[in-house]
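Residue-level listing of the chains:
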Amino acid sequence: MMNYLTLIVFSLCSLFQSNSQKGLSDYFDKLAADALFSGAALVAKGDTLLFEKACGMSDKDQNIPNNIDTKFNLGSIAKTFTAVAIAQLVEQGKLSFDDVIQKYIDVFPDEIASKVTIHQLLTHTSGLGDIFTPAYMERKDEVETVEAFMSYVINQPLRFEPGAQHQYSNAGFIVLGYIIEKVSGENYYDYIRKHITGPLGMNDTDFYKKSEQTPNLARGYTYRSASMQPQPQPQTQPQQRMLVPSTAEERNAMLRDNFSTLPLVGNPSGGAYSTVRDMLKFSLALNRNTLISKEYTDMLTRGRVESRMGMYGYGFEILEDNGYRTVGHSGGAPGVNGLFRMLVDKGYTIVILANADGAMRDLYQEIVSTFVSDF
């Protein structure tokens with residue numbers, strides 16, 4: 001009798017989940033048809049895949065659709081790679097979160113180098129600003145090393161006394177990447193490949209140069225001005241409604257290629273490319289303490305400073321979202337749009353990566369209401 005009842009319950013749950021998947025798939029198809037979403041999404045509980053979907057166009061000119069293995073620009077989601085690399089070096093005894101940066105690099109004036117700590121760089125409380133300055137934007141197609149990125153950071157004055165407040169800083173993560181190079185003796189990009197993406201089999205994740213032809217790499221499309229710089233703020237807050245045309249035809253006509261806005265290559269503050277499946281591998285590694293021990297995973301994902309929508313840890317956003325504690329990061333720039341969320345108390349991973357502007361928050365809420373709230 002119990003076995004029979006168990007079978008009935010299991011069958012009903014399977015049917016409900018199948019209907020949920022169908023409804024969510026239809027929702028994505030409608031958004032794509034209305035030119036409101038272009039990208040891929042994945043939902044998993046543990047290592048059990050519940051849903052994956054790709055829609056929209058990877059390359060409009062070549063008429064190439066997105067697929068589940070399309071590589072999308074992560075934007076600031078890639079800050080989590082830099083944070084894990086720092087934690088690895090701390091765990092090995094080569095760094096301390098409380099160290100001032102002059103212990104490892106000597107390129108800043110003493111009034112900065114003797115005050116700013118690694119903790120402050122990771123939590124955006126260092127007082128450093130942004131990399132996307134007018135000087136950098138004029139030469140962005142020539143900058144391809146962390147040392148070259150640093151040249152646009154070292155002469156910036158502090159915006160506030162280190163530790164006094166939280167203000168999102170891409171420049172701070174450039175400095176972290178430079179410290180990784182100095183401490184490990186490895187090129188930053190090689191370090192990430194050797195110690196993070198490589199061991200996890202994240203074979204479709206890398207800092208691809210826009211000057212090279214990379215198979216299955218999505219081009220970005222934006223409504224915003226082609227001259228707009230990448231955005232320094234993360235997309236943790238409910239996004240303001242972007243003023244877009246009212247019809248799909250008008251939206252398709254207005255979306256423009258973001259190629260001219262992109263750096264030559266990403267950097268420690270963001271801009272790596274990845275797939276939704278590779279980001280699930282990263283999530284599982286964090287939850288299983290594959291890359292760093294549980295002690296150091298907890299250090300990264302502990303809320304340390306208040307941000308505009310929750311807490312910020314060491315390179316990770318920590319939010320109470322829909323009543324669930326979520327850990328991850330977001331990323332956004334013209335034609336770059338992504339969310340990486342781990343619902344740690346429930347065991348879910350949600351990844352949405354897009355190559356067009358859009359209301360990412362609405363998609364995330366639809367996924368949560370479809371899967372997480374019902375199980």
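All values reported here derive from a predicted model rather than from experimental measurement.

## Overview of the pattern of salt bridges
Part 1: Applying the stated criterion across every chain, the model contains 19 salt bridges.
Part 2: For the salt bridge of aspartate 190 with arginine 193, the shortest nitrogen-to-oxygen distance reads 2.7 Å. Here aspartate 190 and its partner arginine 193 are both found in helix 8 (residues 188–197), three residues apart, which amounts to about one turn of the helix.
Part 3: On the accessibility criterion, arginine 193 (31% relative accessible area) is partly exposed.

## A word on the packing of helix 2 (residues 79–91) against helix 7 (residues 170–184)
Part 1: Following both chains from N to C, one finds helix 2 and helix 7 inclined at 40°, their axes separated by 10 Å at the closest point. Considering the angle they form, helix 2 stands oblique to helix 7. Helix 2 and helix 7 meet at a crossing whose hand is left-handed. Contacts from Lys79, Thr82, Ala85, Ile86 and Leu89 of helix 2 reach helix 7 at Asn170, Phe173, Leu176, Gly177, Ile180, Val183 and Ser184.
Part 2: Of the residues in the contact of helix 2 with helix 7, the class split is seven nonpolar, four polar and one charged.

## Topic: the packing of aromatic side chains
Part 1: Under the defined criterion, the tally for this structure stands at 14 aromatic pairs.
Part 2: An angle of 85° between the planes, with centres 6.3 Å apart, marks the rings of tyrosine 27 and phenylalanine 28 as edge-to-face.
Part 3: Measuring from centroid to centroid gives 5.1 Å for tyrosine 189 and phenylalanine 207, while their planes differ by 70°, and the two rings are edge-to-face. Separated by 18 residues along the polypeptide, tyrosine 189 in helix 8 and phenylalanine 207 in the loop between helix 8 and strand 6 (221–222) bring together distant segments of the chain.
Part 4: Taking relative accessible area as the criterion, tyrosine 189 reaches 7% and is therefore assigned buried.
Part 5: Overall, the relative accessible area of 7% leaves phenylalanine 207 in the buried class.
Part 6: These aromatic residues form a ring-pair network of at least three members: Tyr27, Phe28, Phe37, Phe51 and Phe371.
Part 7: The ring of phenylalanine 173 is capped by lysine 79, whose NZ or CZ atom sits 5.6 Å from the centre of that ring.
Part 8: Directly above the aromatic system of phenylalanine 259 lies the positively charged group of lysine 210, at a separation of 4.8 Å from the ring centroid.

## Some remarks on the side chain of glutamine 156
Part 1: With respect to the secondary-structure elements, glutamine 156 resides in the loop between helix 6 (146–150) and helix 7.
Part 2: Polar contacts involving the side chain of glutamine 156 include one to the main-chain carbonyl oxygen of aspartate 130, which spans 2.7 Å.
Part 3: Apart from the residues within four sequence positions on either side, glutamine 156 is in contact with Ile112, Gly129, Asp130 and Thr133.

## Comments concerning helix 10 (residues 276–287)
Part 1: Between its first and last C-alpha atoms helix 10 spans 17 Å; for 12 residues at 1.5 Å apiece the expected length is 16 Å, and the two agree.
Part 2: Here helix 10 lies mainly inside the structure; nine of its 12 residues are buried.
Part 3: Burial in helix 10 covers these residues: Val276, Asp278, Met279, Leu280, Phe282, Ser283, Leu284, Ala285 and Leu286.
Part 4: The first or second residue beyond helix 10 is asparagine 289, which carries a positive phi of 55°.

## Some remarks on the side chain of lysine 210
Part 1: Considering the arrangement of structural elements, one finds lysine 210 in the loop between helix 8 and strand 6.
Part 2: Within the structure, the side chain of lysine 210 is placed 3.1 Å from the backbone oxygen of phenylalanine 259, a separation counted as a polar contact.
Part 3: From its side chain, lysine 210 meets the backbone oxygen of leucine 262 in a polar contact 2.8 Å long.
Part 4: Not counting residues within four places of it along the chain, the set of residues in contact with lysine 210 comprises Lys140, Asp141, Phe259, Ser260, Leu262, Pro263 and Leu264.

## Examining the nonpolar core
Part 1: Ranked by size, the top nonpolar core spans 81 residues in total, and within it Phe108, Val175 and Phe282 carry the most contacts.
Part 2: Ignoring sequence-local partners within four residues, the contact set of phenylalanine 282 consists of Thr80, Phe81, Val84, Ile196, Leu200, Met202, Leu291 and Phe340.
Part 3: One finds Leu31, Val43, Tyr348 and Ile367 within the second-largest nonpolar core, a separate group that totals 23 residues.

Here is what the cut-offs are and how they apply
Residues numbered from 1 in each chain as written. Predicted model: local features only at pLDDT ≥ 70, side-chain atom pairs only at ≥ 80, totals over all residues. Heavy atoms only, no water. Salt bridge = Lys/Arg side-chain N within 4 Å of Asp/Glu carboxyl O. Helix = DSSP H or I, 4+ residues; strand = E, 2+ residues; numbered from the N terminus. Buried < 20%, exposed > 50% of the residue type's maximum accessible area, 1.4 Å probe, protein only. Axes fitted to C-alpha atoms, helices over the stretch in contact; angles between N-to-C directions. Parallel < 35°, antiparallel > 145°, perpendicular 65-115°, else oblique. Left-handed = near helix turned anticlockwise from the far one by under 90°. Contact = heavy atoms within 4.5 Å. Nonpolar A, V, L, I, M, F, W, Y, C, P; charged D, E, K, R; others polar. Phe/Tyr/Trp six-rings, centres within 6.5 Å; stacked < 30°, edge-to-face > 60°. Lys NZ or Arg CZ within 6 Å of the ring centre and 35° of its normal. Polar contact = N/O pair within 3.5 Å; in protein donor to acceptor, adjacent residues only side chain to side chain. Expected span 1.5 Å × (residues − 1). Core = buried A, V, L, I, M, F, W, Y, C linked by side-chain atoms within 4.5 Å.

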